[in-house]
Each structure stands twice: as structure tokens, then as C-alpha cells.
Number of protein chains: 2
Amino acid sequence: MMDYALLLRTFLLRSARYFPKKEIVSVYPDSIFRYTYGDYYKRVCQLAHALESLGVKRGERVASVALNDHRHLELYLGVPCYGAVLHTVNFRLPQNHLVHVLNHAEDQVIFVDEDLLLFVEMVKDQLKTVRQFVVLSHTGKMPATSIENIVLYDDLIKDFPEDYDFPIDLKETDPALICYTSATTGDPKGVVYSHRAIVLHSYAVATTFGAGESDCILHIVPMFHANAWCGPFAGVGAGCKQVLPGREVINMEKLCAMIAQEKVTFTAGVPTIWMLLYDYLEKGGKHDFSSLRNIVSGGAALPRNLLIEFTEKYNFPIKQAYGSTETTPLVTAAIPKSYMTDLTDDELYDIRCSVGLLVMGLEMKIVDDDGNEVAMDGKQWGEICLRGPWIANEYYKDPERSAQTFIDGWFHTGDVATIDEEGYVRLVDRTKDLIKSAGEWISSVDLENTIMAHPDVMEAAIIGVPHPKWQERPLACVTAYPGRTVSADDIREFLGDKVKASWWIPGDVIFLPEIPKTSVGKFNKRELRRLYADGELKSL
Amino acid sequence: MMDYALLLRTFLLRSARYFPKKEIVSVYPDSIFRYTYGDYYKRVCQLAHALESLGVKRGERVASVALNDHRHLELYLGVPCYGAVLHTVNFRLPQNHLVHVLNHAEDQVIFVDEDLLLFVEMVKDQLKTVRQFVVLSHTGKMPATSIENIVLYDDLIKDFPEDYDFPIDLKETDPALICYTSATTGDPKGVVYSHRAIVLHSYAVATTFGAGESDCILHIVPMFHANAWCGPFAGVGAGCKQVLPGREVINMEKLCAMIAQEKVTFTAGVPTIWMLLYDYLEKGGKHDFSSLRNIVSGGAALPRNLLIEFTEKYNFPIKQAYGSTETTPLVTAAIPKSYMTDLTDDELYDIRCSVGLLVMGLEMKIVDDDGNEVAMDGKQWGEICLRGPWIANEYYKDPERSAQTFIDGWFHTGDVATIDEEGYVRLVDRTKDLIKSAGEWISSVDLENTIMAHPDVMEAAIIGVPHPKWQERPLACVTAYPGRTVSADDIREFLGDKVKASWWIPGDVIFLPEIPKTSVGKFNKRELRRLYADGELKSL
């Protein structure tokens, strides 16, 4: 067989040649921009010339600090197909982390959205390698800025030829993108994605969800978040229509309008967005979900009651999936098997509330503290370990933390889970968030989900706090729905017959107006622990 | 990213671990055999031990001379996952070719179906490398045979352990299968498939047709025919139910019963079978096609009227696809694009009668005699050239013919085609079957299809024959439907306004009781040319 490298180039050329009429849509606060893969390809070619003119060399990193729009999508394919590496930056990182990742990746050029220029402006004097700033602007106006070597993206590319000979002599193991995890301890850790990993992962996404050319993908998940879960790449390869909502992603009315008007079939996002959507729907928000075929939720667990309500009340059938920055990210998806048609609704929700089955192409083992695989009984806990062609084998330029995580050819996820006899995985906790009380483990995630099933509770985060007698005890941090109240006793009573043992029930419950979150919207337990240690965690 | 090889092992382990309850069904003349992927895995493990016990070394070839059943499916995964190479033999090859391929591949062991033992018996004394014969028997009885070193498959494997540590240190470029083309000139040519090619191709098949775990695949296409188009591999990887019809594949009543009873969703085959099916249906044959989602037809063109009748009369919506032994085989599939909903029925059939769009992952160019790409206008002819990770780069141990076919990194298919502005490819002819009349080209395939649209014509094959004035002229060889008659004048009159130019109309029409076919069911034009040259081609 031919020694033909798996490169994103093949995907890009296919969309240009066979789907030049298909649409790409960017939604802005005041307008909607539409063009085709034919137009897209021409600008991606111009971008490649522009990178060349800026002296960007093969393998060098350039950063995007950007929202989800078509210019970002041009960078997504253009930079890797040119032979450079796109560093998708989470602009919500703390400032010191932002500086760290831009310097650590040695970014040569920063492509920054006009609305996000401030984030870059604030750190620009600390950047060691950036030679050029490029503003992604849909208004066409250069924002006021103190940065000197700065140019508008459209001006940068506009005079270059509309074709480009994308290199075919890249190796498939060459880097295509780099993304940093939102670190809970220490600096963010970089994960480098090869062309090979992204191409294979795109096939896996398409295969897992049965997606193809007839899909219209709405990119809710930010494009700085683990390759936007590779929807953009699979979308280009398959010739899908793509809708990019930019900052309007948190405008639920507009999001619902996009779904209805553009006939979106596929979308993916984190529970934070689904909770906003649920709130909008509960208030009678206008919507038409009839075109939707796949709605993927990942990044954190969606409470069971929400999944049920979405399905039954709104015909918005979310599928949970699991992965991480280190896994490109798709690992499992909660799709019932074809022979499960006889299950009761409750049993089906049990499956849909798992994180699902391993996708085709990976290997997984769930191991106890001694490294032995746990039984597939849905009960025993173990750490998820993974290997496969789209699983990282190191953190970028970080041998020390790499050695702690990538052991004997397996990625140790730090996620504790069970696996049932059908192969469905259920997350129990992060290894570091488990609570050890009187020598027995308590799952903080289990407790959180059980508390969040209380009708008045919007969010609940559990941390373990030191206890003189029991070593550790769970502390519940709870936020009620706006306008509702709930007491510690209410919660303890509610938990009564729902937890695995009475000693799981937290003695202490603290009420907060909001649970602190990380830059990707997860509960920031590290911050909660810090507040607790500093004596600052108290009910408000 | 991890250096994790793309091996069939990953597919095999996934089915054993996550889909042990899913079924594999073999249909025999007198019985139906059912077992699960759980059972399947155990026997594949036993087979691996058996191969070891027979001294089969890594990379060595073992042959299957077999029909489509579960034992053959065990060989399909077991042999490559063990590290050896499965040579799937077309038992319908002429005897000298059969000897050639078995010796050329240096097969160490032959696994032969009890019903096909005769084919092996006839050539056994000419085999140079075979050390062991193994009979695949569902009756459990050793057939009468003069072969000495022969054993029943079930006896061979039965005492071995039901688990096996399948090697993960194979390279993804290591050979997994080998298949020989049915040669029209010279000896058959061998194509070696790597693990990598088959894994990637399986993803491509699943992605192209939106296939997954919920599919039930009926394997109509013989498993000696280009990896059965990789349905068995994609099926194992995805955990699909698989139905293997064995010799009952030509029993249309039984085939329809399988589709209805097993709720088949996916099947693939050559037009020869679809014509048998059509005949059965036209005679009022019982059928229920409601479960079918994908019916793939390849290997030759299906006449347009048949495709329409299948769709409209029988709700049996065939999708044409294109590929060859050298391409693993999927290259294109005739699926209309999502925006083509406004097309008339006639325009949609135009698309469905093409061989389709290039699948995700390959590159194609259609070039004229000077090697320039032809315009995407649906008119200009050129030869299809391909490259990609599941396209062959050589014929096995045949540098001379390899050099004629694999040029500058492209596979020159020998197929002449047009490509329209939407990217749909239409086969015009084989380069060697084109007819040059008065300096202008005539497509034998076009002419054949036009003649076969005549209601009384069952089959038509066109060859070019020498002509003193016009260099070459088309000669039509025609078979009428049983019980019907048609004359040369009828045909010429029928062609009148349907061909591109009046000089396309054949002066000579010969009527035959049957068109000679190759071992894979294609018109044997080489034989027709030989008969003509020998003066033996005349109407009967």
C-alpha cells in the first residue's frame, strides 16, 4: 500500500474540490456572514502565502486568541496545512498562565479577535517570541491599540494569490495544533496534536455519531478547547455545512434561532451551556429542534434530571461523551446498543447518564491501585488508562509531569470510574477529588450529582476537608436556583435514602451565590480548597 | 501523540470486550448457525494457537479457499491478528491461475471449505509450499479425499486455550491480507493489504455510508473478492451483527428471507446478484426490505432502468460504488449531496447512476493522454489516477507490471471516466476496451448500457474489431431475455436517437445464448476477442 501520509491537506482539498458550494456561516451580534468552501479555500491559500511572507517556518507555532468564526476556521486548516502549528489559546486563562503558554509555545505570530485584543494587550510586554500581531476583525476597523507591529488579518492576506501548493511532504506525525490544559496545579500543560491524530480522530467522530456530508455542525464548544472536539476538521473533510456562533454562543435566543434557521443537525458543548439553554427553554424560549440528530455533551457530567427533561420535554436528546485535552478528545460516547430496545426508560437513562462506550480505535483499561483491571461489574472503582493513536504520550517540554502521567505506554487519566458488563463507563471522581473518610472512599462527583438532583439546587461542589476523627469529611458547597431557598437540613434529608451509605452525607453544607469555576467552566475545587484553608469559605 | 499502530487487533479486542452478545450468523443449505462475538473471539484465539502449532511464522501466507461463513470470518481476523497473512483465493479462477496464485503467494497452509475441496484436490500435486490442509466443515465430517496431511478445522483448534495474547508489536504497514486480481492478460496480480490500509478503509466505509453498531451486515460479496469490501472488518470493529450466506447467496428466496428475518440493514454485491434478485422479484418473489439502509453495488455498472425499478418498485435503493482490488476497494460512492433535494427524479438518477464522489481520505485525478487533468464538465474523458493510504503501490513480486501501473506515486486504474462539476465520476470504459473508429473514440460501456436498456435485451458486450476503412468498428454481442427475441435491426433502430453519434451504432450484432464471463462475473471481452479472431464468434 502507498506510503501516503494522513494529513489535513487531504481534508482541505476534498472540501475545495467536491463541496465548493457548501456553506460556512459566522454569526456576529449585528450580522451574519456567509461564504462557501470555494471562498474558504481561496482565503486559506492566501493565509498560507501570508504565513510564508511573515517568515513562519515549518513546525513553528502561531497562536489564535479567538472566538468561533470563519477566520478562526481558516487558521484551523490553513496553519497546519501550511506546515506550521496552530496554538489555540484559552483567553480566559489567568494572566500569568496566558503569558506562560504564549512563551512556552514560543508563538511567532498571534492572531487575535478584535474583541479579545485587550487580553493580549495586557500581556504583550511579557511575550518573548511574538514578532507579529494580526487582528481578526469582522468590522474591518483596526481597534485602538498600543501594539505596533499589528495588522488586520484581511489586509494581511488580501493581495496574495488564491491558490497554494500545500506541502505533501509533511510527515503525518508532524505537529498540527497545540493546546494547553487549564491547570489546576502548576502551569498549564501543553498537548501537541499530530496531523495523524486529528485525521484519525475525525474519522472516529464521524463513525461514532454517524455524521457525514448532510450534517450541519454548530460549533458551541470553543475552538480553543481541545480542537473544538475536532468538529471543524471532520466537518471540512466530510463537506459539512458549519455554523460558527462567535460571542453569540451564550445568547440562547440566537442560538436557538441558528439551530432552527440553519437546520443544524450536530452540535457539541459543555453542560454550562446546556444549563443556560435549559433556563431559556423553561422560561418559554422559542425553539425548533426538529433538525437535530446529534447533541454531544462533554467536559463534565450533565445532571440526570436535566438530561431527562431535555429529552422528554424539549426533544433535545443529548448524548454524553468523555475525553480530555490529552485525548484529542473523544474517548467514549453514551449511545445505547441496538439490542437495548427492551430496556425501560429508567434503564436507558442509566446508560445515557454514563459517559459511554469506548470508540473504535482506542484501548482502555480501568485499574485499581495495584494496576489490576477492575471487574466489569459497574461497581468496582479504578483509574481510566488509555492508549491509541489520538492519545498524547507526553506534555510539551515537560518531562517531569509527563513521567507522572504517561506510564508504560498508557495515559493515566486521573479519572476514577466504573465499567459495567456492557462496557459503559461511569465517572466516579478525579483521583485527587476522592474523599477518604474513615478509610473508605467517597466520590465527590456522585455526591454532587445526587445533591444537584434536588429541585431547588442549581449547582453543588464537594471537597474533602480534614477531620480529626475521620481523616476527611465531605463539605458541600451549594448554589440554589435564583429566587429559591434550600437549607442544609433539606439537603441532608434529600440525600437520606439516595447515597450509598449514611456516612456519605456531608455534615457541613455551605451556600454560595456561585461556585467558582475554571476557565473552561468546571468547578474550581482547588479554589474552594484554598478558600477553606484560608478560612474564607462560608455561607453568604 | 502515542506511536500506536493501526492494527486489526484493536478491532478484534473491541468486539470481544464491548459487543460479546452481538450475533454472527452463518446460513447453510440445511441449517442456520448462530453464535456471538464472545464465542467468536474464543475460537479466533484457538485459531491463533493452532497457527502457532503449525509453525506458521509472522508474515507467512496461509490461504482460504472458502465461502462466506463464520469460519472464514475467524480466519479474516485471526490470521492477521496472529501476525500472518491471509490469502483469500478466488476458487473460480482457471486451474492454471489457481496453481499460480497458491505458489506465488507461497502459502503454507490452505483452509478449504468442504464444498470446495475438489478445487484444491485438482491442483494439490502442483503446490510447492503448502504443508497442511485444513477443512472448514459445518457437517463435522471429513470429506473423502486423497490428500494426506489434512485435518478438520474444528478438530485442529478445539483443544487450544480460549484466550491469546495477540501481538501489539506488529507494524501497521505489516501485511494482513493478500488478494489476486482476476487477470485478463497474463497471470493474476497480487495486492498486499496492510493492517493500516484495512483499518483506515474500514473507517472510510463506515463514514461514507453512516454505518455503525446498529447495522446488520449481510455479506453477499464473496470474501475472496477484495476483502469482501472490508465489511467484515468494519463490522467487527463497530460490533455489527453479521450474516454470512455461504452458498445460499445465489438462492434469492433464502437471501430475501435472511434480509427480512435478520433485519439486515447493510449489504453489498455485484450486479450479477442484483440481476438474479430482480428476476426473483419480478416473478413475485416474497421479500421485505424495510430494514435495509445501505445497499452497495460495485464491480460493474448496474443498468439505469434496473436501478430505477429496484428503487421505485421494490424500495431497494441501491447505491453504486467504485473501486478495485488495488484500492482495498472503496474509492467513490454515488450518494447525492444534501443540497440536491430540488433535483428532478431524472437528475437524481443521473447522479445515482454515476459511480459517485471520492470518499474522504483519498486523492483522485482524471488525466488525458498528456497527463493533464480534464475539466470537471462531465464530458471530457480521462484515466482515473488515485493515491491514498489504502491504494496499492505495487503488485506482489511483479516489478514489471508494477512499473506499468504505479507511476510517480499514482495508481493508474486503466478506467476511463468523466467527472462533472459536482465531482461525480462516470465510467466511460476501460482504456483497453475503448474503440477507435475513424480517429474518434467510442465507449464500449456506454454502448453496452444503451443496448441493455432495450426491454428484450438481458446482456450486451461490445468489442472493437478491425475494419479496413475505419480502423476499428464496434461489434455487439447480445443475449436476449429467455423466451424473448430481438433482431439486429431492432437494436440499431433502438439506438437511433440514443447514442452520441450515428457512427457509434454497430454494424454487426451477434446473438449469443450467454456472454462469457470472468471468474468475478464481468464480461470476458478477452475471450470474445479470441473467439472473433479464431472465427468462432457467430450468432447461435
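Residues numbered from 1 in each chain as written. Chains lettered and ligands numbered in written order. Predicted model: local features only at pLDDT ≥ 70, side-chain atom pairs only at ≥ 80, totals over all residues. Heavy atoms only, no water.

**Student:** Explain the interface of chain B and chain A here, please?
**Tutor:** Size of an interface: often given as the accessible area lost when the parts come together. With 64 residues of chain B in contact, the opposing surface of chain A contributes 64 residues. Both sides of the chain B and chain A interface together cover about 5,200 Å² of buried area, and 59% of this is carbon and sulfur. Connecting chain B to chain A are 9 salt bridges. When the shortest N-O distance is used, the salt bridge between Glu422(A) and Lys21(B) registers 2.5 Å. (Contact = heavy atoms within 4.5 Å. Buried area = accessible area lost by both parts, 1.4 Å probe. Salt bridge = Lys/Arg side-chain N within 4 Å of Asp/Glu carboxyl O.)

**Student:** Just checking my understanding: could you explain the relation of the copies chain B and chain A for this structure?
**Tutor:** Between the two copies of the chain lies a relationship made up of a rotation around an axis and a movement along it. In screw terms, the move from chain B to chain A is a rotation of 180° and a rise of 0.0 Å along the axis, fitting with an RMSD of 0.1 Å. Taken together, the rotation and translation relating the two chain copies correspond to the operation of a two-fold axis. Looking at the rotation axis and the C-alpha trace of chain B, the residue lying nearest is Gly210(B), at 2.3 Å. Both copies share a contact surface, since 100% of the interface residues of chain B are interface residues in chain A too. (Least-squares fit on C-alpha atoms with pLDDT ≥ 70 in both.)

**Student:** Is there a simple way to think about a negative patch on the surface in this case?
**Tutor:** Residues and elements named next belong to chain A. A surface patch of like charges, here negative, comprises Asp39, Glu162, Asp163 and Asp165. Tracing the sequence through the fold places Asp39 in helix 2 (residues 37–53). A relative accessible area of 31% means that Asp39 is categorised as partly exposed. (Patch = residues over 30% accessible without salt bridge, like charges linked within 9 Å, V, L, I, M, F, W, Y side chains within 5 Å. Areas by Shrake-Rupley, 256 points an atom, 1.4 Å probe, with all protein chains shown as cover. Lys, Arg positive; Asp, Glu negative; His and termini not counted. Charge placed at Lys NZ, Arg CZ, Asp CG, Glu CD. Helix = DSSP H or I, 4+ residues; strand = E, 2+ residues; numbered from the N terminus. Buried < 20%, exposed > 50% of the residue type's maximum accessible area, 1.4 Å probe, protein only.)

**Student:** Explain the side chain of Thr129(B) here, please?
**Tutor:** Residue and element names in this part refer to chain B. Note on placement: Thr129 falls in the loop between helix 5 (117–123) and strand 6 (132–136). For Thr129, the side chain forms a polar contact with the main-chain oxygen of Asp107, separated by 2.6 Å. Filtering out sequence-adjacent residues up to four positions away, Thr129 remains in contact with Leu102, Asn103, Glu106, Asp107 and Gln108. (Polar contact = N/O pair within 3.5 Å; in protein donor to acceptor, adjacent residues only side chain to side chain.)

**Student:** It is not clear to me how the sheet that holds strand 2 (residues 32–36) of chain B should be interpreted in this structure. Could you clarify?
**Tutor:** Within a sheet, neighbouring strands are paired by backbone hydrogen bonds and run either parallel or antiparallel to one another. All names here are of chain B. Ordered by their spatial adjacency, 9 strands build an open sheet running 2-1-11-10-12-13-14-15-16, and the pairing between neighbours is mixed. The sheet is open, and its two edges are formed by strand 2 and strand 16 (357–358), each paired on a single side. Sheet topology places strand 15 (residues 330–333) next to strand 16; 2 bridges connect them, and they run antiparallel. The residue bridging Thr332 from the neighbouring strand is Leu358, located in strand 16. (Pairing = 2+ DSSP bridges.)

**Student:** For this particular structure, what's the right way to read the nonpolar core?
**Tutor:** A general feature of soluble globular proteins is that nonpolar side chains tend to end up buried together. Phe111(A) and Phe111(B) are the most contacted members of the largest nonpolar core, which totals 262 residues. The contacts of Phe111(B), once residues within four sequence positions are left out, are Leu47(B), Leu51(B), Val62(B), Ala63(B), Ser64(B), Val65(B), Leu75(B), Val134(B), Leu136(B), Tyr153(B) and Leu156(B). (Core = buried A, V, L, I, M, F, W, Y, C linked by side-chain atoms within 4.5 Å.)

**Student:** Explain the pairing of strand 6 (residues 132–136) of chain A to me, please; I cannot follow it from the model alone.
**Tutor:** Look at any regular strand and the pattern is simple: side chains alternate between the two faces of the sheet. Residue and element names in this part refer to chain A. Among the 5 residues that make up strand 6, 5 are buried, leaving the element largely enclosed by the rest of the structure. Burial along strand 6 is two-sided: the residues Gln132, Val134 and Leu136 and Phe133 and Val135 are all buried. Pairing between strand 5 (residues 109–113) and strand 6: 5 bridges, direction parallel. Residue Val112 lies in a different strand from strand 6, and its bridge partner there is Val135. Regarding topology, helix 5 (residues 117–123) serves as the crossover connection from strand 5 to the parallel strand 6, and that connection is right-handed. Of the strand pairs in this sheet, strand 6 and strand 7 (residues 150–152) are connected by 3 bridges, and their pairing is parallel. (Right-handed = clockwise from strand over helix to strand, strands pointing away.)

**Student:** Can you help me understand the environment of Leu98(B) in this one?
**Tutor:** Residues and elements named next belong to chain B. Within the element layout of this structure, Leu98 appears in helix 4 (residues 95–104). Along the primary structure Leu98 and Leu127 are separated by 29 residues, whereas in three dimensions their C-alpha atoms are 9.7 Å apart. Every residue in contact with Leu98, bar those within four places of it in the chain, is listed here: Val89, Asn90, Phe91, Leu93, Phe119 and Val123.

**Student:** Please explain the environment of Ala63(A) as it appears in this structure.
**Tutor:** All names here are of chain A. Its location among the elements puts Ala63 in strand 3 (residues 61–65). On the accessibility criterion, Ala63 (0% relative accessible area) is buried. For Ala63 and Val130, which are 67 residues apart along the polypeptide, the C-alpha to C-alpha distance reads 9.2 Å. Leave out the neighbours within four places in its chain, and Ala63 touches Leu86, His87, Val89, Leu102, Asp107, Val109, Ile110 and Phe111.

**Student:** How do you make sense of helix 14 (residues 444–452) of chain A when you look at a structure like this?
**Tutor:** Count 3.6 residues to each turn of an α-helix, and residues three or four apart come out pointing the same way. Judged by how many residues are buried, helix 14 of chain A sits mostly within the fold: 7 of 9 residues are covered. Of the positions making up helix 14 of chain A, those classed as buried are Ser444(A), Val445(A), Leu447(A), Glu448(A), Thr450(A), Ile451(A) and Met452(A).

**Student:** How should I be thinking about the pairing of strand 24 (residues 457–467) of chain B in this particular structure?
**Tutor:** Residues and elements named next belong to chain B. Strand 24 sits mainly inside the fold: 8 of its 11 residues count as buried. In terms of strand pairing, strand 24 meets strand 25 (residues 471–480) through 10 bridges, oriented antiparallel. Residue pairing across strands places Glu459 opposite Thr479, the latter belonging to strand 25. From the end of strand 24 to the start of strand 25, which pair antiparallel, there are 3 residues.

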